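Listed below, chain by chain, are the residues.
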Amino acid sequence: MAVAAEAPRIALAQAAAERRFLLGRRLLASPAMIVIGVFGILPLLIMFIYSFLVAATYGGVEWSFTTEAYVSFLFQRDIFDDTLQFVPDYLQIYLRTFVLAGFTTVASLIVGFPTAYFMATRPPSQRNFWVFLITLPFWTNLLIRTYAIQLIIRDEGLVNDLLRAIGLIDQPIHILYTNFAIMLGLLYSFLPFMVLPLYTSLEKLDFRLVEAGFDLYATRGRVLRRIVIPLAKPGIIAGCILVFIPALGAYVTPLILGGGKQHMIGSLIATQFGTSRNWPFGCAQAFILMAIVLLALLVYVRSTTGKSRVAHG
Amino acid sequence: MAEQALSAAQVLDRAAGRRGRRFDLKRQPGFGVVALLCVAMLYAPILIVVGFAFNDSPSVTRWSSFSLAWFEKVLANGDIHNAARNTLVIASCATIIATLIATAAALATTRSRAWPGQTTVYTFINLPLVVPEIVTAVATASFFALLAQQVGISFGIGNLILTHSVFCIPFAYLPIRARLEDMDLTLEQAAADLYATPWQAFRRVTLPLLTPGISSGAALAFIISFDDFTITQLVAGAGQTTLPLYIWGQLHKVGVTPEVNAISAILLVVSILFVSLSFLVGRRR
């Protein structure tokens, strides 16, 4: 009898403890939610609203609704008869961005895979050092590192000086301000994002499987193709996503190595807030870029949930 | 019998042994070379900038002789003093704000069963890592422009501090959370058994154990703020020049000078010091 009378009181006490637990957790999380909500997410909404406003002459916006910013992405309005003409200029910048990001991803996979494999096959005591070595450049200033690449590849830079000193060339090779220069810069910037997830995958590789492969008379190349690469697939996918997505939004690299001649989406957006003074257009482009990136991430997350999880760099 | 028990790998091993090298299962020809080239590629630009900062001649890529002249010029430059002051004020404030917020959030999201709303907290905290920098820059610049024009509020340099705090939070959060997840819950339970109040248990047990994670997170947050260029460039108002903005201004207006190398070298060394610190402290048990 006494036990039965206790039961509702215990349930009440549990409910109160549960409420206290939830309240405590929510209170602790609230500063993060408020600061990120107000200064991180609210601005994204305002950016979205701005993309439907009219550009003011000297930067900023006028508060009247228009879809001009999205229309002018593909069309140019004729000044005289107000008809729309298809202009692929901006589309070309998008295309170039995707192609550059794609090439960068492939190039970083080609360089990153052997590097990650080499790291993963070091003795365990050395591995942390290698991870540190690969991560360290990421934390240094990207602007400065990109400027350094400019010093290396410009007409009177180190590469051209060296080639002339050897006597291979008379005239400097123009590398700076080309698509190739941008790709080189992107590869350099995002290589660690490829190496680290690959390393995480390869470090877990069970080398007994490799041994089994050799037992069955496979060559080294065959073991790599049929055993190592298939097992590293989650890392390869994660690495490709982690390189491709930030490469799409790159700004510093096209700014310095493209010299304002070779735009990417990122530098196109920034121009709208600088010399072009077309904030709504910049906001619309930024919104499109964000939508592409979030969509790509969503597809990636959907495709990996339920399968083996990959630690992100 | 013994011969039969040998695996094919051991046979290969012996065959290789006759050629003077042990058969290594894990070796792939050429991979070591690529790894070394990769590291060389990552570090060459950094070494070149730092190296030529000590170059005597005004050329940035042709070596003449060792000199500290450019560093003296940097130290005597008033514009750089201002930029350095702005950078340090913004980075310090953003680090303190981000680390406090991230510590609270990490305590809220670890070491208990999942609670409703926890996923939303993760999404919020990771958002600055997912949204491209240029998008954050554009959005934040529009936001503060709107505040200034429509509401008449501007926090001055506080605009930059708040902006930086937001994208520093995930970088501070990750090491703190990792540390918390490694910590043993039984330690606090032991404190509670010994009649410690929840606050005492936190102050005397949890916090001291968590300190390496917090320092590690704070160091990363500081570096991320200290080095930021893209977002700062679009959000900064007149007179709010930071060191990365100053460097860009010089590159843009004056072109390549050894003075830029000297100031860049200082920035690189500061970053490397802080990250090494974060790495060493974070690993301490």
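Keep in mind it's a predicted model, so treat the numbers as computed, not measured. (Residues numbered from 1 in each chain as written. Chains lettered and ligands numbered in written order. Predicted model: local features only at pLDDT ≥ 70, side-chain atom pairs only at ≥ 80, totals over all residues.)

Moving on to the overall build of chain B. Counting its secondary structure elements, chain B contains 13 helices and zero strands. The order of α-helices and β-strands along chain B, N terminus first, is α-α-α-α-α-α-α-α-α-α-α-α-α. Against the 2.2 N^0.38 benchmark of 19 Å for 285 residues, chain B shows a C-alpha radius of gyration of 26 Å, more extended than a compact globule. Its C-alpha atoms give chain B principal-axis dimensions of roughly 90 × 70 × 35 Å. Within the span of chain B, comprising 285 residues, buried residues form 40% of the whole. (Helix = DSSP H or I, 4+ residues; strand = E, 2+ residues; numbered from the N terminus. Rg over C-alpha atoms; globule rule 2.2 N^0.38 Å. Buried ≥ 20, exposed ≤ 12 C-beta atoms within 10 Å, placed from the backbone.)

We now examine the overall build of chain A. The secondary structure content of chain A amounts to 13 helices and four strands. Over its C-alpha atoms chain A spans a radius of gyration of 27 Å, topping by over 25% the 20 Å that the globule rule assigns to 313 residues. Projected onto the principal axes, the alpha-carbon positions of chain A cover approximately 100 × 70 × 35 Å. Expressed as a percentage of contacts within chain A between residues at least 6 apart in sequence, the contacts between residues at least 24 apart total 68%. (Contact = placed C-beta atoms within 7 Å.)

Attention now moves to the packing of helix 12 (residues 243–253) of chain B against helix 13 (residues 258–283) of chain B. Residues and elements named next belong to chain B. Interaxial distance between helix 12 and helix 13 falls to 10 Å at its minimum, and their mutual angle equals 155°. With respect to helix 13, the axis of helix 12 lies roughly antiparallel. Like other packed secondary-structure pairs, helix 12 and helix 13 cross with a definite hand, here left-handed. Note on element contacts: helix 13 touches helix 12 through Val 260, Ile 263, Ser 264 and Leu 267, opposite Leu 243, Ile 247, Gln 250 and Leu 251. (Axes fitted to C-alpha atoms, helices over the stretch in contact; angles between N-to-C directions. Parallel < 35°, antiparallel > 145°, perpendicular 65-115°, else oblique. Left-handed = near helix turned anticlockwise from the far one by under 90°.)

Now for the interface of chain A and chain B. Where the parts come together, the accessible area they lose is often given as the size of the interface. Counting residues at the interface gives 73 residues for chain A and 73 residues for chain B. With 20 residues, helix 1 (residues 2–50) of chain A is the single largest residue contributor to the side of chain A that touches chain B. Of the residues belonging to the side of chain A that touches chain B, the class tally is 54 nonpolar, eleven polar and eight charged. (Nonpolar A, V, L, I, M, F, W, Y, C, P; charged D, E, K, R; others polar.)

For the rest of this paragraph, the subject is unusual backbone geometry. All names here are of chain B. Positioned with a positive phi, Arg 111 is a non-glycine residue whose angle comes to about 55°. The topology assignment puts Arg 111 in the loop between helix 5 (78–109) and helix 6 (118–130). Phi is positive for Tyr 195, close to 65°, though the residue is something other than glycine. The topology assignment puts Tyr 195 in the loop between helix 9 (185–193) and helix 10 (198–227).

All names here are of chain A. Packing of helix 8 (residues 207–215) against helix 9 (residues 220–231) leaves a shortest axis separation of 10 Å and a crossing angle of 145°. Crossing hand, helix 8 versus helix 9: right-handed. Along the contact surface, helix 8 presents Leu 209, Val 210, Gly 213 and Phe 214, while helix 9 presents Val 223, Arg 226, Ile 227 and Val 228. Residue composition of the contact of helix 8 with helix 9, grouped by class: six nonpolar, one polar and one charged.

Time to look at helix 3 (residues 89–120) of chain A. Between its terminal C-alpha atoms helix 3 of chain A stretches 45 Å, which fits the 46 Å expected from 32 residues at 1.5 Å a residue. For helix 3 of chain A, the principal kink sits at Gly 112 of chain A and spans about 30°; a proline, Pro 114 of chain A, occurs within the next four residues. (Expected span 1.5 Å × (residues − 1). Bend = angle between axes of the 7 residues up to and from the residue.)

Along an α-helix, a turn takes 3.6 residues, which lines up residues three or four apart on a common side. Residues and elements named next belong to chain A. Here helix 9 contains twelve residues, and its C-alpha end-to-end distance of 15 Å stays within 8% of the 16 Å for a straight helix at 1.5 Å per residue. Here helix 9 has its buried residues at Val 223, Ile 227 and Val 228. Take helix 9 and look down its axis: the buried residues cluster within an arc of 85°, on one side only. Looking at helix 9, the residues exposed on the side facing more than 90 degrees away from the buried face are Gly 221, Arg 225 and Pro 230. (Arc of directions from axis to C-beta.)

We now examine the confidence of the model for chain A. In this model, chain A carries an average pLDDT of 89, and 96% of its residues clear a pLDDT of 70 or more. Element-level mean pLDDT values for chain A span from 83 in strand 3 (residues 75–77) of chain A up to 95 in helix 3 of chain A. (pLDDT = per-residue confidence, 0-100.)

Glancing now at the nonpolar core. If you look at the biggest cluster of nonpolar residues, it comprises 158 residues, and the most contacted ones within it are Ala 286 of chain A together with Ala 105, Val 138, Ile 169, Ala 172 and Ala 221 of chain B. Examining the composition of this core, we find that 16 residues originate from one element, helix 7 (residues 179–203) of chain A, more than from any other. Among all residues touching Ala 221 of chain B, those that are not within four sequence positions of it are Ala 94, Thr 95, Ala 98, Thr 99, Cys 168, Phe 171 and Ala 172 of chain B. (Core = buried A, V, L, I, M, F, W, Y, C linked by C-beta atoms within 7 Å.)

In this section: the confidence of the model for chain B. Residue and element names in this part refer to chain B. With 92% of its residues at a pLDDT of 70 or more, chain B has an overall mean of 88. At the level of individual helices and strands, chain B shows its lowest average pLDDT in helix 1 (residues 2–5), which scores 47, and its highest in helix 5, which scores 95. Across the interface, the model reports ipTM at 0.87; the global pTM reads 0.87.

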